Amino acid sequence: MELPKAFYEKYQKLLQEEAEDFFAALTKGRVSKGYRLNPSKPDSFAMLTKYGPTKRRAAPYATNAFLGNVGGKTLLHQAGYVYSQEPSAMIVAATAAIKPGEKVLDLCAAPGGKSTQLAAQLNGEGLLVANEIFPKRAKVLSENIERWGSTNVIVTNHAPNELVTTFSGFFDCVVVDAPCSGEGMFRKDPIAMDQWQADTSLKCATRQKEILTAAVKMLRNGGTLVYSTCTFSPEENEEIISWLVKKYPFTIETIPQKNVAYGRPEWGDGNPDLVKTIRLWPHLNQGEGHFVAKLTFHGENPIVNKKKKDGKTKISKKTSTLLNDFKQKFPLPQNSTLQMFGDYVWAVPQAAPDLTGIKVLRNGVELGVLKKGRMEPSFNLAMTATQQTISAFPILKISYTDWLHYVAGETFTKEGNAGWVLLCVDEVPIGFGKQVQGIVKNFYPKGLRFKGEPLAK
Ligand SMILES: C[S@@+](CC[C@H](N)C(=O)[O-])C[C@H]1O[C@@H](n2cnc3c(N)ncnc32)[C@H](O)[C@@H]1O
């Protein structure tokens, strides 16, 4: 791998005697892989031991996080037990360190690495709005949130400034994991290197300032802003934070992490607090390159107090009876309100404001769909089963081989009581099926189907 000449010269100048180690790590070092375990899934650690990588080594910057690889077509990934994430990227949500009950915005959220980690911290209380500007990426984000099984997440698809009217002064924490020049990913993603040009960082910095301008307006007084990039360039890191604290009332906070490198005040405007920001370098730290800053906001934004509107479709008496019956069969998410959108029934997070005019891809949990006067449970509801709620579902245990048929969309035979069942491989809920005369009918969403790979440990 050959680094662009202008890149080489730039970092030679900035890093001086450290530069050779940096270039060597970037061009010859091994790419680190990692994954996070979803602690709310039933028997998560035992299932990881059984179906995940044989050796488990803790990843450095986050809890429930490990070094190693879990593929996308595995049982654990498909059931939302793990999320593959490069180890240094885990430092971002760990820095946010949010508490259950808080209102959080992940402004540049796809494909969902930080969002799933933030959702785990909220543990079902409060609200996470996960936003992505590009529709296709927002769809992937929505699928990852669905698998993760969080009940209090809304996925939106907007440019940051389009969210401001709805969410002005609303959030306790805003995470801006900004689009950047991606220098920290060069050894993982050579395309990022091919696209790199001497002026890439400045172009990115302009966009980062636009995104932050919107982000600031959505914070409450005393709220937290976490800003991160996966690039080394001072223009997108220390210079951005220098600009931010000059323009807005922020203080830079210390981030409690060990074995990390720090921001360089001299690469910004000399503000000594820039040393509180964190830089992860491939030659000094574990994982790929990253930058993260944590700031507290001391300003006032107007708070919009719009009255919440009802769901799109009125719930008729007949549907209400069906829903009551449904509630008897399946445990539904807490802290949410049932709403209908067309024929779909959703458990919408109560902590959400009025979302009129907002493009919402996921508004809490899709519980089920009304079809031919019956209620069919949705895959999303299956993914919400936790250690606490699983025993309240009607369960049918299936084998790992059955799962291979299930994800391919095939039916399979299995004795059991007729009706809807939550299919589980061991303790791992994988979706709903319908038992009819010894045959399990397949309700795995068509868009998610694939040929499963036999387990290779
Ligand atoms: C670093 S990635 C986010 C990764 C994500 N936080 C995660 O952990 O999976 C940056 C995201 O910003 C989005 N983006 C690109 N241009 C943007 C813009 N002008 N405003 C907001 N987001 C943008 C990209 O599509 C991308 O999904």
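Residues numbered from 1 in each chain as written. Predicted model: local features only at pLDDT ≥ 70, side-chain atom pairs only at ≥ 80, totals over all residues. Heavy atoms only, no water.

Asker: Hey, could you run me through the overall build of the protein chain in this one?
Answerer: When you go through the protein chain residue by residue, the secondary structure sums to 14 helices and 23 strands. The C-alpha radius of gyration of the protein chain comes to 23 Å, within 12% of the 23 Å expected for a compact globule of 457 residues. Within the protein chain, buried positions represent 57% of all 457 residues. Taking all contacts inside the protein chain whose residues are at least 6 apart in sequence as the whole, residues at least 24 apart take part in 72%. (Helix = DSSP H or I, 4+ residues; strand = E, 2+ residues; numbered from the N terminus. Rg over C-alpha atoms; globule rule 2.2 N^0.38 Å. Buried < 20%, exposed > 50% of the residue type's maximum accessible area, 1.4 Å probe, protein only. Contact = heavy atoms within 4.5 Å.)

Asker: Before we go on, may I ask you to explain the sheet that holds strand β23 (residues 439-442) in this structure?
Answerer: Note on sheets: strands pair through backbone hydrogen bonds, and any given pair is parallel or antiparallel. Strand order in the open sheet made by the five strands is β19-β21-β22-β23-β20, with mixed pairing throughout. Either end of the sheet is taken by a strand with one partner, and the two such strands are β19 (395-398) and β20 (412-413). With two bridges connecting them, β20 and β23 associate as antiparallel partners. Paired with Thr-413 across the strands is Ile-439, a residue of β23. Sitting on the sheet, helix α14 (residues 400-407) touches β19, β20, β21 (419-425), β22 (428-436) and β23, and the angle it makes with β22 is about 75°. (Pairing = 2+ DSSP bridges. Axes fitted to C-alpha atoms, helices over the stretch in contact; angles between N-to-C directions.)

Asker: Honestly, the UniProt feature "active site" (unreviewed entry) in the protein chain in this entry has me stumped. Any pointers?
Answerer: Following the UniProt record, one finds the feature "active site" (unreviewed entry) at Cys-230. Among residues more than four places away in sequence, those in contact with Cys-230 are Cys-180, Gly-182, Glu-183, Gly-184, Met-185, Gly-289 and His-290. (UniProt positions renumbered as here; feature names shortened; annotations may be inferred.)

Asker: How should I be thinking about the nonpolar core in this particular structure?
Answerer: Inside soluble globular proteins, nonpolar side chains tend to come together where they are buried. Ranked by internal contacts, the top residues of the largest apolar core, which has 50 residues, are Leu-75, Trp-403, Leu-422, Leu-423, Val-425, Ile-430 and Phe-432. Top contributing element to this core by residue count: β21, with six residues. Setting aside its immediate chain neighbours within four residues, Ile-430 contacts Leu-75, Phe-379, Met-383, Ile-398, Trp-403, Tyr-406, Leu-423, Val-425 and Tyr-444. One finds Val-176, Val-216, Tyr-227 and Tyr-248 within the second-largest nonpolar core, a separate group that totals 40 residues. (Core = buried A, V, L, I, M, F, W, Y, C linked by side-chain atoms within 4.5 Å.)

Asker: I keep staring at the packing of helix α10 (residues 200-217) against helix α11 (residues 238-247) and nothing clicks. Help me out?
Answerer: Two quantities define a packed helix pair, namely the angle between the helix axes and the distance between the axes. Look at α10 against α11: their axes get within 11 Å of each other, and the N-to-C directions meet at 40°. Read as a crossing pair, α10 and α11 show a hand that is right-handed. Residues Ala-205, Gln-208, Lys-209, Leu-212, Thr-213 and Val-216 of α10 form the contact with α11, whose participating residues are Ile-240, Trp-243 and Leu-244. (Left-handed = near helix turned anticlockwise from the far one by under 90°.)

Asker: What should I look at first to understand the site of the ligand in this one?
Answerer: The full set close to the ligand counts 17 residues, and Gly-113, Lys-114, Glu-132, Arg-137 and Asp-177 are the nearest of them. In this structure, Lys-114 approaches the ligand through a side-chain N or O atom, which is 3.0 Å from an oxygen atom. Here Arg-137 contributes a side-chain N or O atom positioned 2.9 Å from an oxygen atom of the ligand. Within the complex, 85% of the 600 Å² of free accessible area of the ligand lies under protein. Taken atom by atom, the bulk of the ligand overlaps the largest pocket. Classifying every residue of the shell around the ligand by side-chain character gives ten nonpolar, two polar and five charged. (Near = heavy atom within 4 Å. Polar contact = N/O pair within 3.5 Å; in protein donor to acceptor, adjacent residues only side chain to side chain. Areas by Shrake-Rupley, 256 points an atom, 1.4 Å probe, with all protein chains shown as cover. 1 Å grid on protein atoms, 1.4 Å probe; cavity = no way out; pocket = protein on both sides within 12 Å on 5 of 7 lines; lining within 4 Å. Sits in = over half its atoms within 2 Å of the grid points. Nonpolar A, V, L, I, M, F, W, Y, C, P; charged D, E, K, R; others polar.)

Asker: Mind showing me how you'd approach the layout of surface pockets here?
Answerer: In this approach a probe as big as a water molecule rolls over the atoms, and the regions it shows empty are the leftover space. In this structure, the largest pocket spans a volume of roughly 1400 Å³. When contributions to the lining of the largest pocket are tallied by element, the ones reaching two or more residues are β4 (82-84), α6 (113-122), α9 (190-195) and α10. Among the elements that make up the lining of the largest pocket, the one with the highest residue count is α10 (five residues). (Points joined across faces, edges and corners; volume = space filled by probe spheres on them.)

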